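# Working through the structure, step by step
Chain by chain, the residues run as shown.
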Amino acid sequence: TTSEDKFFAVFYAPNKTPTSRIGVSVAKRVANKATKRNKLKRLIKSSFLSDFQCENGTDVVVRVKHQASRAANDKILLKSLVNHWQKIVGRSTTKSKTSG
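As the structure is a computational prediction, the values presented were derived from the model and not from experiment. (Residues numbered from 1 in each chain as written. Predicted model: local features only at pLDDT ≥ 70, side-chain atom pairs only at ≥ 80, totals over all residues. Heavy atoms only, no water.)

## Topic: the pattern of salt bridges
- Tallied over the full model, the rule gives three salt bridges.
- The shortest N-O distance in the salt bridge between Lys-65 and Glu-4 comes to 2.7 Å. Taken together, the residues Lys-65 in the loop between strand S4 (58–64) and helix H2 (66–69) and Glu-4 in strand S1 (residues 2–4) connect sequence positions 61 residues apart.
- Judged by relative accessible area, which is 19%, Lys-65 ranks as buried. (Salt bridge = Lys/Arg side-chain N within 4 Å of Asp/Glu carboxyl O. Helix = DSSP H or I, 4+ residues; strand = E, 2+ residues; numbered from the N terminus. Buried < 20%, exposed > 50% of the residue type's maximum accessible area, 1.4 Å probe, protein only.)

## Notes on the sheet that holds S1
- Pairing is mixed across the open sheet formed by four strands, whose spatial order is S1-S2-S4-S3. Where the open sheet ends on each side, the last strands, each with one partner, are S1 and strand S3 (21–25). Going across the sheet, the axis of each strand differs from the next one's by a mean of 15°, ignoring polarity.
- With seven bridges joining them, strand S2 (residues 8–14) and S4 adopt antiparallel strand pairing. Its bridge partner lying in S4, Phe-11 is registered against Val-61.
- Taken strand by strand, helix H1 (residues 34–51) contacts S2, S3 and S4, and its axis lies near 160° from that of S3. (Pairing = 2+ DSSP bridges. Axes fitted to C-alpha atoms, helices over the stretch in contact; angles between N-to-C directions. Contact = heavy atoms within 4.5 Å.)

Here it is as structure tokens:
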């Protein structure tokens, strides 16, 4: 399942473990400097660790889009990520309640 905006494409699926996992993909053509790519990865991972609370395990893969490397500041990106996390948690809780 996907959640998408102009900064990120977030793919997610439930896993069979109690923990959530994240993968981050930043292409060279999105951010050509390694320092910029690593900064984006750190930003995404720290947001995931601090803001993503899901009671059941979820695998999340974040693909960074070109607009994210051009964002004015990190607050815009963090707000976008928090929206994605809330959307994922909202969908995963509703699915688990209907199936159980």
